[in-house]
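Next come the chains, spelled out residue by residue.
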2 protein chains.
Amino acid sequence: MTDEERTRLIRTACGEEKADLVIKNATVADVFGGGWLHGDVAVTGGRIAGVGSYSGKTETDGSGKYVLPAFYDAHLHFESVAVRPSEYLRLTVPRGVTAYNADPHEIANVCGMRGVKFMLDDVRGVPADVHMMMPSCVPATGEDRSGAHLTAEDAERGKKLGLFGLGEMMNVPGVLGCDKDVIKKLGVFDIIDGHAPALSGGALSAYAAAGVLTDHECTTVEEANDRISRGMYVLMREGSQAKNVRALCRAVNDYNADRFLFCTDDRNLSDVAEHGTIDNCVRIAVSCGIPPIRAIKIASQNAFAAYGIKGKGAIAPGYAADMFVCSDPAECVAEEVYHAGMLVARSGEPLFARSGADASDLRGTVVLPDLTEEDLALPFTSGMPVIEVLPETLYTALSTAESPEGLDLVCCIERHRALGEIGRAYVRGFGLRGGAIAQTVGHDSHNITVLGDNTRDMLLAVRALGSDGGFAVCSGGRITAKTDLEIGGLMSMGSAADALKARRELNAAVSALGHAEGIEPLMLLSFLTLTVIPDVKLNTKGLYDVARGRYVYRCDKKENR
Amino acid sequence: MTDEERTRLIRTACGEEKADLVIKNATVADVFGGGWLHGDVAVTGGRIAGVGSYSGKTETDGSGKYVLPAFYDAHLHFESVAVRPSEYLRLTVPRGVTAYNADPHEIANVCGMRGVKFMLDDVRGVPADVHMMMPSCVPATGEDRSGAHLTAEDAERGKKLGLFGLGEMMNVPGVLGCDKDVIKKLGVFDIIDGHAPALSGGALSAYAAAGVLTDHECTTVEEANDRISRGMYVLMREGSQAKNVRALCRAVNDYNADRFLFCTDDRNLSDVAEHGTIDNCVRIAVSCGIPPIRAIKIASQNAFAAYGIKGKGAIAPGYAADMFVCSDPAECVAEEVYHAGMLVARSGEPLFARSGADASDLRGTVVLPDLTEEDLALPFTSGMPVIEVLPETLYTALSTAESPEGLDLVCCIERHRALGEIGRAYVRGFGLRGGAIAQTVGHDSHNITVLGDNTRDMLLAVRALGSDGGFAVCSGGRITAKTDLEIGGLMSMGSAADALKARRELNAAVSALGHAEGIEPLMLLSFLTLTVIPDVKLNTKGLYDVARGRYVYRCDKKENR
């Protein structure tokens with residue numbers, strides 16, 4: 001704040017100078033006191049001057065309306081929405097979410113720091129506080145075949161580029177085992193986001209002692225309490241597949257409420273467009289009995305406080321005028337959204353220009369050898385180990401199958417350097433029939449994942465992805481849907497509306513094939529290859545037991561032919 | 001944290017390496033979760049590794065004991081104790097208070113930045129986190145005759161010296177009036193402590209919008225709520241004269257508890273030595289019904305969080321091992337105190353060496369012209385305005401007197417440059433009889449304040465102060481007590497024990513004279529000249545009406561002779 005800005009703000013607050021903007025006669029969230037203030041919200045120079053009796057150069061009527069501080073998505077991957085960040089923000093800023101901790105680790109796995117820089121460039125000029133994180137685990141594990149390998153030296157470079165902190169440290173064994181590069185990375189940033197599913201006891205203490213500030217992998221009250229008592233913040237996640245807000249609201253009490261934040265992590269485009277993100281978390285929390293003002297504080301002030309950001313996340317004097325107007329604080333449907341005092345969205349529509357960085361450098365990332373149906377085949381043998389997928393979670397179970405009945409075949413095909421590595425496994429619980437889905441979205445290395453009940457459609461789907469990548473659905477020997485994700489095989493070049501339309505066509509094609517209840521096929525498929533979430537996952541080398549840190553079996557080419 | 005420190009901490013937390021120190025089988029405050037953990041507290045490299053099952057190179061038995069995070073005095077003036085900071089800390093670190101925001105504005109009013117530097121130097125090497133603040137208001141007002149005048153340029157210098165923030169911004173009219181130097185000072189530091197007695201409405205919003213983070217002048221629940229809703233922290237103060245903790249505990253609730261801190265501001269040596277400081281605040285809060293764990297959090301974590309200090313104020317992995325052991329968390333009597341994992345006090349006794357900077361440069365600060373009894377005289381006239389002092393507050397009232405009966409005479413004598421300025425007034429409610437008290441401690445300019453019922457003893461007492469200054473009590477034409485405060489006329493060169501003995505003799509001499517109930521004569525006297533606390537105060541020029549910002553009368557020499 002310059003001397004001039006401070007002077008204007010003081011004079012406005014005292015009523016000696018007209019505010020730039022006044023929202024008259026509103027009901028205003030007092031996130032610090034826990035109540036509601038009634039009066040005029042005065043904004044000058046992008047900051048709140050006060051709530052009281054004010055007049056402004058511009059005045060809007062706030063009668064019957066509520067003014068809330070804008071929300072903060074404490075952990076997400078823009079890539080999960082499959083549109084570029086600047087497009088994503090056109091959907092969520094109008095919902096009152098103007099702050100983000102975004103970990104670009106998907107694009108980093110494909111394109112390295114070039115991808116991270118693109119993400120930074122792409123959000124420039126968007127009226128939101130996008131805190132881009134340094135991807136900590138690229139590749140996610142030493143077993144992964146990713147398109148890049150980021151070291152502590154890259155983290156140093158990232159810090160200089162303006163990255164906000166170290167993104168989710170998924171390499172828990174690396175932390176606990178004091179891997180030298182991991183320790184170095186931890187030393188680069190003050191802010192370190194975590195990822196510690198099912199960690200407890202001394203191991204959890206070690207993880208916290210290492211400097212990890214948050215965890216978004218809690219699913220139970222006990223896990224939440226374990227993290228809070230160790231000084232960590234619990235990020236209550238409501239993604240498309242992993243939905244934890246409802247369960248974790250039971251852990252929130254009068255004493256510990258300030259240690260909770262909301263995040264979306266991985267949320268698909270239709271969920272974002274139809275149900276929102278952090279506004280959706282607030283609605284769920286309120287439906288679970290958390291008072292609206294407390295849910296709003298969790299969605300706003302708590303996150304800014306956790307990340308040490310001053311002067312944001314409250315409607316209070318001197319605070320940034322990042323806020324929105326709504327008619328019901330329990331519903332949080334933003335009618336007008338302000339960022340730094342500027343009206344940036346109205347009635348759900350963005351008022352800011354479409355922007356975005358040049359992405360041509362991130363195209364053509366799919367590089368494959370010639371493939372045949374045989375390359376994708378896996379002979380079934382009775383009693384063989386299979387992956388069991390479960391509804392509404394990214395966790396899987398290791399099971400066995402006596403017959404191929406009800407199983408799908410999944411392959412993970414290396415696609416960054418045409419190495420010819422293909423992992424294969426059978427899956428129970430997916431229930432896809434008469435076709436195949438192929439995609440270049442496959443956490444975190446984003447090789448090609450293809451699942452189906454016949455290798456003909458599977459191969460066709462893989463070929464349909466082309467050199468840019470995306471999603472393809474095939475059935476009966478023909479392509480029934482195809483979505484281009486030109487940016488790294490992860491994000492569309494087009495608008496969110498077009499992507500949403502394409503996604504709906506894609507979903508329709510998937511639905512036409514049929515699948516099990518309670519799963520979101522494309523997202524679930526994209527996590528079947530993430531070898532840091534228990535119990536078993538598939539990578540380009542074979543079926544991997546995450547808990548035991550070893551392969552159930554490997555898919556050496558010769559062995560399987 | 002270096003890579004090596006992080007590695008050792010992780011290995012210790014995992015149980016793979018012995019801790020430096022383990023307190024076995026203790027009950028441990030969980031300030032984040034609000035409960036109590038049971039286990040061994042492991043410390044390595046000065047940090048907590050974890051609470052669990054650990055073994056250490058050194059082990060102590062914590063059975064039946066409680067381990068609490070060390071406390072934080074969020075606002076104090078070391079000078080109020082009249083010993084040097086390094087001596088003060090020998091009294092309070094053993095009580096478990098190891099963090100301080102200390103505003104050296106008393107010595108700054110006498111010696112300027114030379115005084116501030118001395119304070120910084122004096123605490124060097126003491127096992128405590130002393131955050132020295134930049135005095136913001138030297139002199140306190142434009143009407144004051146202080147020994148120094150500190151500007152925004154001095155604040156810049158102070159920042160470079162390592163000062164932590166801007167000390168209590170008492171110049172509220174300067175803030176609200178956007179005084180250029182005040183605005184500049186506010187721009188120098190991110191952390192700005194406040195001082196806003198009775199401020200409310202738009203003026204309070206303006207004060208908060210200016211960047212002020214805290215206020216320690218709240219006395220009512222309403223004032224506390226007003227500040228909290230504006231994003232400010234409320235410092236619940238328990239000084240020797242101003243005691244607000246009891247009243248303000250009524251404002252603490254389940255929602256807003258994190259917005260409260262404790263401080264002592266001005267607390268005299270005997271109160272510090274006999275009753276403690278922040279430990280005393282915790283006891284009072286608990287007696288008011290606040291659960292011990294919440295009172296402990298207010299005393300520790302809340303303050304570190306408010307000031308943006310990470311990794312301190314909790315017994316949690318990675319946090320600094322600043323903590324103490326006690327037998328009853330409601331009493332908080334520290335038995336062993338640790339700072340950065342080192343045992344620094346036991347059974348109330350400091351285990352660290354007596355230190356302290358060279359103070360010879362700050363001696364001989366009392367410079368007076370020749371004075372006679374006549375210089376101190378004030379003819380009484382019926383109906384004349386008088387200062388009315390009140391029990392247990394620093395506020396005064398403006399009153400009138402029909403007869404001199406029950407009144408004392410008080411003079412404020414300029415003593416920095418022998419200017420010959422002397423303000424005079426009568427005081428009701430002090431009740432001193434048969435003598436006089438003179439002192440160089442007189443907030444904030446620290447001129448000589450002398451009060452008595454006869455000018456002979458008053459002059460004698462002033463002369464007894466000598467060139468170094470201190471306190472003098474005279475009765476019946478003789479000196480009955482004398483305390484040297486060689487450092488700026490504010491602080492003793494000697495030990496706290498000697499100062500305490502001297503103070504007791506001084507108090508005995510004051511008691512021998514007799515005074516009204518409910519007042520602490522020497523401290524009250526030291527605030528009779530502070531022209532920022534309503535309603536009326538006396539400076540070297542005359543009787544000043546604080547609320548109206550004007551003199552009730554001036555004491556021009558010729559006029560009064």
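Residues numbered from 1 in each chain as written. Chains lettered and ligands numbered in written order. Predicted model: local features only at pLDDT ≥ 70, side-chain atom pairs only at ≥ 80, totals over all residues. Heavy atoms only, no water.

Chemist: How do you make sense of the interface of chain A and chain B when you look at a structure like this?
Modeler: In many reports, interface size means the accessible area that the parts give up when they come together. Taken together, the 52 residues of chain A in the interface contact 53 residues of chain B. Summed over both sides, the interface of chain A with chain B buries roughly 4100 Å², with 59% coming from carbon and sulfur. Put simply, chain A and chain B have zero salt bridges between them. Applying the counting criterion to the chain A and chain B interface returns six residue pairs in polar contact (both at pLDDT 80 or more). Put simply, the parts of the chain that give the side of chain A that touches chain B at least two residues each are α1 (3–13), β3 (47–52), α6 (172–176), α7 (180–188), α8 (201–209), α9 (221–229) and α13 (292–299) of chain A. If one sorts the elements of the side of chain A that touches chain B by residue count, α1 of chain A sits on top with seven residues. For the side of chain A that touches chain B, the class distribution of residues is 28 nonpolar, twelve polar and twelve charged. (Contact = heavy atoms within 4.5 Å. Buried area = accessible area lost by both parts, 1.4 Å probe. Salt bridge = Lys/Arg side-chain N within 4 Å of Asp/Glu carboxyl O. Polar contact = N/O pair within 3.5 Å; in protein donor to acceptor, adjacent residues only side chain to side chain. Helix = DSSP H or I, 4+ residues; strand = E, 2+ residues; numbered from the N terminus. Nonpolar A, V, L, I, M, F, W, Y, C, P; charged D, E, K, R; others polar.)

Chemist: Just checking my understanding: could you explain the pattern of salt bridges for this structure?
Modeler: Side-chain pairing between opposite charges can occur once the charged atoms of the two side chains come close. Residues and elements named next belong to chain B. This model, assessed by the stated rule, comprises 68 salt bridges over all chains. Between E421 and R145 there is a salt bridge whose closest N-O contact spans 2.7 Å. Here E421, found in the loop between β20 (407–413) and β21 (422–428), pairs with R145, found in the loop between β8 (129–132) and α5 (152–161); they are 276 residues apart in sequence, far enough to count as distant. For E421, a relative accessible area of 18% translates into the label buried. Owing to a relative accessible area of 29%, R145 belongs among the partly exposed residues under this scheme. In this structure, the salt-bridge partner of D154 is R157, at a minimum N-O distance of 3.3 Å. On the criterion of helical spacing, the pair formed by D154 and R157 is a turn pair, its members being three residues apart in helix α5. Judged by its relative accessible area of 45%, R157 falls in the partly exposed class. (Buried < 20%, exposed > 50% of the residue type's maximum accessible area, 1.4 Å probe, protein only.)

Chemist: In this structure, what is going on with the confidence of the model for chain A? I would like to understand it.
Modeler: When pLDDT drops low, the exact placement of atoms in the prediction is not to be read closely. When pLDDT is averaged along chain A, the result is 95; 99% of the residues meet or exceed 70. This complex was scored by the predictor with a pTM of 0.93 and an ipTM of 0.92. (pLDDT = per-residue confidence, 0-100.)

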